[in-house]
Amino acid sequence: GILPYSGTAFTINEQAKLKITRIMHREPTTIERLQCGALSGLFAQTLTYPLEVTRRRMQTIGIVPTSGSESAAVNFTGVSQLKPSVDEMPAEQQRPQAELTSQQQKTITPSQATTTATANATTS
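A brief look at the structure comes next. (Residues numbered from 1 in each chain as written. Predicted model: local features only at pLDDT ≥ 70, side-chain atom pairs only at ≥ 80, totals over all residues. Heavy atoms only, no water.)

## Regarding the overall build of the protein
Along its length, the protein carries five helices and zero strands. What you see in the protein, going N to C, is helices and strands ordered as α-α-α-α-α. Looking at the protein as a whole, 14% of its 124 residues are labelled buried. The contacts in the protein between residues at least 6 apart in sequence include a share of 33% that link residues at least 24 apart. (Helix = DSSP H or I, 4+ residues; strand = E, 2+ residues; numbered from the N terminus. Buried < 20%, exposed > 50% of the residue type's maximum accessible area, 1.4 Å probe, protein only. Contact = heavy atoms within 4.5 Å.)

This is the structure we're talking about:
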C-alpha cells in the first residue's frame, strides 16, 4: 500500500538531506535534493514491492477482501475475513448442478428446461 512506500521514501529522503547538511555544512542544492528524492523513491519502491505483490496475491485468492463490509480497512476481526475453500464448503454446495432436488426441479423456468432438454438430447 501507500503507507509503507511513502513512509520509507520520506524517511530516506529526509535522512539523505540531513547527511548532506552535516557533511557539507550547508543546505542541499536543488540538484542534491532532486537526487535525494530520486534515490529515496527508488529504494522505497525496491523495499515495498514484495509486500505489494504478496498483498495482491492474497486478494486474488480471497484471503484478504478488497472492499465491502469485510474489508481489512473496516473489519479487524481476523479469522472471519477468511473465505472457505472448496474443501471446507458444505457438501450441498459442492454437488454438481445435475443433482437437483425435486423442489429445485419445480422452480426451473421454461427457458432453462429447454436448454437442459437440448443438452441432454445432444449428449445421447
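## Here's the deal with helix 2 (residues 30–61)
Along its 32 residues, helix 2 runs 46 Å from first to last C-alpha, staying within 8% of the 46 Å computed at 1.5 Å per residue. Among all positions of helix 2, only E32, C36, S40, G41, A44, T48 and Q59 are buried. Those residues of helix 2 that are buried lie in contact with helix 1 (2–24). Of the residues trailing helix 2, G62 is marked for its positive phi of about 95°. (Expected span 1.5 Å × (residues − 1).)

## Examining the environment of T8
With respect to the helices, strands and loops of the structure, T8 is situated in helix 1. Overall, the relative accessible area of 21% leaves T8 in the partly exposed class. A sequence separation of 33 residues divides T8 from G41, and the C-alpha atoms of the two residues are 8.4 Å apart. Excluding anything up to four places from it in sequence, T8 contacts A44, L47 and T48.

## Notes on the pattern of salt bridges
All chains considered together, the criterion is met by five salt bridges. Notably, a salt bridge pairs E14 with K17, separated by 3.2 Å at the nearest N-O pair. Highlighted residues: E14 and K17, both in helix 1, separated by three residues, approximately one helical turn. Classification of E14 as partly exposed rests on a relative accessible area of 28%. (Salt bridge = Lys/Arg side-chain N within 4 Å of Asp/Glu carboxyl O.)

## Section: helix 1
Across its 23 residues, helix 1 extends 33 Å between first and last C-alpha, which sits within 8% of the 33 Å expected from 1.5 Å per residue. All of the buried residues in helix 1 are A9, N13, K17 and I20. In the core, the buried residues of helix 1 are packed alongside helix 2.

## Side note on the packing of helix 1 against helix 2
Helix-helix packing: each pair is described by the crossing angle between the helix axes and the interaxial distance. Where helix 1 meets helix 2, the closest approach of the two axes is 8 Å, and the angle between their N-to-C directions is 145°. At the point where helix 1 passes helix 2, the crossing takes the right-handed sense. Listed contacts from helix 2 to P4, Y5, T8, A9, I12, N13, A16, K17 and I20 of helix 1 are E32, R33, C36, G37, S40, G41, F43, A44, Q45, L47, T48 and L51. Partitioning the contact of helix 1 with helix 2 into residue classes produces eleven nonpolar, seven polar and three charged. (Axes fitted to C-alpha atoms, helices over the stretch in contact; angles between N-to-C directions. Left-handed = near helix turned anticlockwise from the far one by under 90°. Nonpolar A, V, L, I, M, F, W, Y, C, P; charged D, E, K, R; others polar.)

## Examining unusual backbone geometry
In most cases, non-glycine residues show a negative phi, while peptide bonds are predominantly trans. Its identity as a non-glycine residue notwithstanding, H25 has a phi of 60°, on the positive side. Taking relative accessible area as the criterion, H25 reaches 70% and is therefore assigned exposed.

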